[in-house]
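Topology and contacts: notes
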Amino acid sequence: MSDPTLEIVWEQSSRAAVFTRRPDGTASETRRVDPAGLLELAAAPPPDVELGGSARAVFAVCELARRSVAEGLVHPELASRGAQWSAFWGSTLEESVDETLTQIAAALPPAAAGAFGGDAEETVADLYPLLVDRVARDRLRAAGVRLAPPPGPGRPSAVELFLAGLVAAEPELPAHAGYPALQRRLAAWVDEGLGVLPSAAWRLGLHLDERPGSGSALALEPWLHADDDPTLALPASLLRRGGEDGFLFLRASDPRADLGREVERLLPVLAEYGIAFDPDDPDAAELDAEEATRFLREAVPELEQRGVPVLLPREWVRAPSRLRIDLHAAGAPRASGLLSTAALATFDWRVAVGDVTLSERELLELAAAKEPVLRAAGRWHALRRSDVERALRFLERRRRGGGIVDLVRATTGLETDESGLELGQVTLDAPLRELLAGAEGGFRPLPAPARMRGDLYAFQERGHGWLRLLGDLGVGAILADDMGLGKTVQAIAMLCSEREDGVSLGPTLVVCPMSVAAQWVSELERFAPSLRVLLHHGGDRLGGAGLVEAARAADVVVTSYDIVARDVDDLAAVAWDRLLLDEAQDVKNPWTKRAQALRRLPSRRRLAMTGTPIENRLGELWSLMDVLNPGLLGSRTWFERVFARPIELHGDERALERLRAIVRPFVLRREKDADEVELELPPITVEKDYCRLTVEQASLYRATVDRWLPRIEEHDDRFGRRGAVLAMLGQLKQVCNHPEMLVATGRALDGRSGKLERLVGLLAAVPAGDKSLVFTQYPGFHRLVPHLQERLGVEVGFFHGGLHARQRQELLAAFATPGGPPVLVISIRAGGRGLNLPAANHVFHFDRWWNPAVEQQATDRVYRLGQRKHVFVHSLVCSGTLEERIDRLLDSKRELAEKVISGGSDDWLGGLDLGAIRAAVALAPDWEAEEAAA
């Protein structure tokens, strides 16, 4: 019976698998060894085993590596993998070595080339240099060779670290910026013939460093730099310690002679500053604070003119001290005691480092110095010249006072961030602190003015006072109260009181959705009949000079966003006192015509009213603020980088808190359940009603997914994929509503949709005398209204975008009367906002908009001031489908808006990755079984 054989397989990660193959073909447990282990195994193979073909070949490589090192066929190498640098002994391939490796590769069984898919030549070429490096490194260490960097405060050079790495246990090196240059020199040396050393001389360089435990003293140490490469340097103190080898390894010249010659050359210059070195015994010279300051300011420029490099301490270069900008701001009151609009605050900016404030003269001296270094508060501070220059430019630009936008940008660090500086201590007087506290500050509530009919709730009086405060300061504001809390009434109170106090300087332009323009006119006539109101709408609206004259004669002009985009030239000819944007989320996209048109309108002050300043993304808040207070949140790109991406993608709490601090003075938001509101609204019950798909729906759902997923996967570009995803999701939503919406057959609607049957059942259970709203985003499904009328036996109204203004008013008036239709189907686009419908107390979301803000706006048509009945809200969701899964994602979108502000679109779905899309649209397993059975 033959003996067992030893086999070796070379694997990835620089290791070998070693095992014994028994005569019956079975193998012993595999153990893995590194190159050092292979060399040990080759030197003493285990007894009682034969060497298999793989082991004989690997051991032959080991023997060749030992012979090559003994014959000096090695050279130093510096290599990098990513950011990690390593020092290696490279193998110098001669023709005889090359031939031997080729023969070994021919004898290596393919099974032994585990790391290279059976390629024996590649395996041998990978193994041989690793073994050479390990043999050379181990022999040097066994001989006691040590090349560690010298001790002391000086910074080790790349050469010192490299030499130490050649005899270290492992090749990895600590980080150093000088490795790339050294690598190029080594490669050139190898290419030029291995061992042909440059003959260029060494020249003197000076390295400045802090002496540990010496207080303010600095040490100036002589180094030798290669004359042809200033980045190649070694400390002259190596010569005193007998370390000539480190120099001779890199240069053929005599380092001691070069040092003596250099010191003699520079003696006059060094002596002028009290510095002397002994060429035969070089050591560092100690400088006190005064000597060091003079050396840095005067000697360094002269030495560098003579070609003598001067290197600063490693700590100074790696982490120079940051200049800090401190701010003290005080309010600039008028005679009336109110804050001045033109100059809200006087700013006193100071530049500091550590605990020391620098004067402008000191900054100018630092800017002129070759090395901007100073001693302050018991320690040395090295400054970036660019920071000093930025600080000077910053002070020059910001000597004057500023308004609230400037104040907020200053106190939250936006001013210093964009200048590349660090905001330090901020000191504000009491009036400014209260102003920046926003809704939490101490502004004075104002009651309803005499010109206004009706009273205000207490929370509305606070809103009135806040609007007047920011309006009097000429600052843009966002009134973001919950839907139904009377934002319009608070704005009307503001308009009336401004005219009573004589602070209105022209007409106000109210811009709102077309569906609520008539309601604005009605509310103004109801609460403020003394105000002159002009409705700028319809085909017979004024234009040109006629519009300008009529606007000047009015107190309020009401128009729509679409009309602003069309008539921007005529409207821009009017000097508006205020631009008031109702349902201001309509300008969330800054690139639309309407948003660009609004930016062109001249106005002294601006106000936005919206219950949802953030519907989907933080970029919408930037767009709105850019209309109200241009420049507050910086550029769009900067805002995305600093706030939007960190908060939305990573939940960055620090960025979130900072953003809240920035927008807090400009946003007032109260929710219906807030303590200060005290509306005593009736209770509200919100629930989800889950529906089962019919077999027809399940089959059509699966077919839709199967048709669209391959198309989505084919799209490489982000925009093409987004469009395909949204198209698929839209069709799946239609399937969940009713198969007839996707594939119109003309068949009866009964029994084909679990959701429609559930809706009919819920509406039938509504108590007599109660009224219901049914919201849908598909007004084109005309068969829904007659189907509900037939099944319920009652009149059903239909409010959609195709109705003209009179039809809308008549329909809403009829619904509000006891004898009007008890059910009103509403297109969520046409009637999901701006309408007051407290006559209803049941809300049904037939299909999901998948934007919680839009759905909340729709619900708030009912749950608002004037509601007296218990409100019931039903969201219909098809279980086991994408409706149920995406419903779980909506809460996070609510939380984003609440976190930033409180403290309608589906497009966000198009950004989901393929895995998330497949998981979202997959039909529940039980439906797969039922569909197959059917």
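In what follows, the structure referred to is the one given above.
In what follows, the accompanying structure is described. (Residues numbered from 1 in each chain as written. Predicted model: local features only at pLDDT ≥ 70, side-chain atom pairs only at ≥ 80, totals over all residues. Heavy atoms only, no water.)

Details of the pattern of salt bridges
Formally: Note on definitions: salt bridges are taken to be side-chain nitrogens of Lys or Arg within 4 Å of carboxyl oxygens of Asp or Glu. Helix numbering and strand numbering both begin at the N terminus, where a helix is a DSSP run of H or I of at least 4 residues and a strand a DSSP run of E of at least 2. Categorising residues by exposure relies on relative accessible area from a 1.4 Å probe, with only protein chains included: less than 20% of the type maximum marks a residue as buried, more than 50% marks it as exposed, and the intermediate range marks it as partly exposed.
Evaluation of the coordinates by the stated rule reveals 35 salt bridges. When the shortest N-O distance is used, the salt bridge between D562 and R594 registers 2.5 Å. With D562 in helix 21 (residues 561-566) and R594 in helix 23 (residues 593-600), the pair connects residues that are 32 residues apart, well separated along the chain. The class of R594 is partly exposed, set by a relative accessible area of 21%. For R664, the salt bridge goes to E657, with nearest N and O atoms at 3.6 Å.

Quick notes on the side chain of T776
Here is the rule we go by: Under this definition, polar contacts are N or O atom pairs within 3.5 Å; protein pairs additionally need one hydrogen-donor-capable and one acceptor-capable atom, and for neighbouring residues in sequence, both atoms have to be side-chain atoms. In what follows, residue pairs with any heavy atoms lying within 4.5 Å of each other are defined as contacts.
With respect to the secondary-structure elements, T776 resides in strand 26 (residues 772-776). Here the side chain of T776 touches Y778 through a polar contact of 3.1 Å, landing on its backbone nitrogen. Here T776 is in contact with V825, I826, S827, I828, F846 and D847, once residues within four sequence places are set aside.

What about a negative patch on the surface?
What counts here: In this scheme, patches are assembled from residues that exceed 30% relative accessible area and form no salt bridge. Like charges are connected within 9 Å, while nonpolar side chains (Val, Leu, Ile, Met, Phe, Trp, Tyr) are connected within 5 Å. In short, Shrake-Rupley with a 1.4 Å probe defines the accessible areas, and a residue's cover is counted only from the protein chains shown. As used throughout, the charge tally considers Lys and Arg to be positive and Asp and Glu to be negative, leaving His and the chain termini uncounted. Working definition for charges: the position is that of NZ of Lys, CZ of Arg, CG of Asp or CD of Glu.
Among the surface-exposed residues, D673, D675, E678 and E680 lie close enough to one another that they form a single negatively charged patch. Looking at the secondary structure, you find E678 in the loop between strand 24 (667-668) and strand 25 (684-691).

Notes on the packing of aromatic side chains
Rule in force here: Stacked, edge-to-face and tilted labels apply to pairs of Phe, Tyr and Trp rings (six-membered ring for Trp) whose centres lie within 6.5 Å, assigned for plane angles under 30 degrees, over 60, and everything in between, in that order.
Overall, the coordinates contain four aromatic pairs when judged by the stated rule. Judged by centre distance (5.6 Å) and plane angle (40°), the ring pair of W85 and Y179 falls under tilted. One end of the pair, W85, is in strand 6 (residues 84-91); the other, Y179, is in helix 6 (residues 179-191), with 94 residues separating them in the sequence. One aromatic cluster is present, built from ring pairs that chain together W638, F639 and F643.

So, helix 9 (residues 255-272)
Rules: Take the number of residues in a helix, subtract one, and multiply by 1.5 Å to get its expected span.
Compared with an ideal rise of 1.5 Å per residue, which puts 18 residues at 26 Å, helix 9 spans 26 Å between its outermost C-alpha atoms and is within 8% of the ideal. The set of residues buried in helix 9 consists of P255, D258, L259, G260, E262, V263, L266, V269 and L270. Where helix 9 ends, the next residue or the one after it, G274, has phi of about 70°, a positive value.

Side note on the sheet that holds strand 26
Selection criterion: In this description, strands pair whenever DSSP reports at least two bridges between them. To obtain an axis, a line is fitted to C-alpha atoms, over the contacting stretch when the element is a helix, and the angle between two such axes runs from 0 to 180 degrees between their N-to-C directions.
Strand order across the open sheet formed by six strands is 25-30-29-26-28-27, with parallel pairing between neighbours. Each edge of the open sheet carries a strand with a single partner, namely strand 25 and strand 27 (796-799). Each strand axis lies, on average, 20° off the axis of its neighbour in the sheet, ignoring direction. As defined by bridge partners, strand 26 adjoins strand 28 (residues 823-827) across five bridges and the pair is classed as parallel. Following the sheet pairing, T776 is matched in strand 28 by S827. Packed on one face of the sheet, helix 30 (residues 754-764) meets strand 25, strand 26, strand 28, strand 29 (842-845) and strand 30 (871-878) and runs near 165° to strand 30. Across the sheet, helix 32 (residues 805-816) touches strand 26, strand 27 and strand 28, and the angle it forms with strand 27 is around 145°.

As for helix 34 (residues 852-859)
Within helix 34, seven of the eight residues are buried, leaving the element largely enclosed by the surrounding structure. Within the span of helix 34, buried status applies to P852, A853, V854, E855, Q857, A858 and T859.

Observations regarding the nonpolar core
Defined as follows: For our purposes a nonpolar core is just a set of buried Ala, Val, Leu, Ile, Met, Phe, Trp, Tyr and Cys residues, chained together by side-chain atoms within 4.5 Å.
W520 and F643 are the most contacted members of the largest nonpolar core, which totals 107 residues. Take this core: its biggest share by element is seven residues, from helix 18 (residues 487-501). Formed by 82 residues, the second largest nonpolar core is a distinct cluster that contains V18, A87, V124 and V132.

Re the sheet that holds strand 18 (residues 477-479)
One open sheet holds the seven strands; their spatial order is 20-21-19-22-23-18-24, and the pairing between them is parallel. Two strands lie at the open edges of the sheet, namely strand 20 (533-535) and strand 24, each paired on one side alone. Inspection of the sheet shows strand 20 paired to strand 21 (residues 556-560) by three bridges, in the parallel sense. Directly across from L535, in strand 21, lies its bridge partner V558.

A look at the pairing of strand 7 (residues 202-210)
Walk down a regular strand and you will see the side chains alternate between the two sheet faces. A large share of strand 7 lies buried, amounting to seven of its nine residues. Pairing analysis gives nine bridges linking strand 7 to strand 8 (residues 218-226), with the strands arranged antiparallel. Each bridged residue has a counterpart across the sheet, and for L208 the counterpart in strand 8 is L220. As defined by bridge partners, strand 7 adjoins strand 11 (residues 310-311) across two bridges and the pair is classed as parallel.

Concerning the side chain of H75
By secondary structure assignment, the location of H75 is in strand 5 (residues 74-81). Taking the relative accessible area as the measure of exposure, H75 reaches 7% and is therefore buried. Within the structure, the side chain of H75 is placed 3.2 Å from the side chain of E77, a separation counted as a polar contact.

Some words on the packing of helix 2 (residues 53-70) against helix 4 (residues 120-142)
We count it as follows: Each angle receives one of four descriptions, namely roughly parallel if under 35 degrees, roughly antiparallel if over 145, roughly perpendicular if within 65 to 115, and oblique otherwise. Whether a crossing is left-handed or right-handed is set by the direction in which the near helix is turned from the far one by less than a right angle, anticlockwise for left-handed and clockwise for right-handed. Classification used: nonpolar for Ala, Val, Leu, Ile, Met, Phe, Trp, Tyr, Cys and Pro, charged for Asp, Glu, Lys and Arg, polar for all others including Gly.
Put simply, helix 2 and helix 4 touch, their axes get as near as 9 Å, and they point 45° apart. When the axis of helix 2 is compared with that of helix 4, the two are oblique. Viewed along their axes, helix 2 and helix 4 form a crossing whose handedness is right-handed. Contact with helix 2, carried on its side by V58, V61, C62, L64, A65, R66, S68, V69 and A70, involves V124, L127, Y128, L131, V132, V135, A136 and R139 of helix 4 and no other residues of that element. Residues belonging to the contact of helix 2 with helix 4 are distributed by class as follows: 14 nonpolar, one polar and two charged.

So, the state of the cysteines
Basically, it comes down to this: A pair of sulfur atoms, both from cysteines and within 2.5 Å, is called a disulfide here.
As enumerated under the stated definition, the model contains zero disulfides in all. Here C878 stays unpaired: no disulfide links it, and the sulfur of C736, its closest cysteine neighbor, is 4.2 Å away. In this structure C878 comes out as buried when scored by relative accessible area, which is 0%.

Notes on the packing of helix 30 against helix 31 (residues 784-792)
With their axes 11 Å apart at the nearest point, helix 30 and helix 31 run at an angle of 50° to one another. One way to sum up the angle between helix 30 and helix 31 is to call them oblique. Pair helix 30 / helix 31 crosses with right-handed handedness. Touching L756, E757, L759, V760, L763 and A764 of helix 30 are L784, H787, L788, R791 and L792, all from helix 31. When its residues are assigned to classes, the contact of helix 30 with helix 31 shows eight nonpolar, one polar and two charged.

Some points on the environment of G471
In this structure, G471 sits in helix 17 (residues 458-472). Of the residues examined, G471 reaches a relative accessible area of 4% and is grouped as buried. Taking the C-alpha atoms as reference points, G471 and S504, separated by 33 residues in sequence, lie 9.9 Å from one another. In this structure, G471 is in contact with R578 and R605, ignoring residues within four places of it in sequence.

This is a description of form; function is not addressed.
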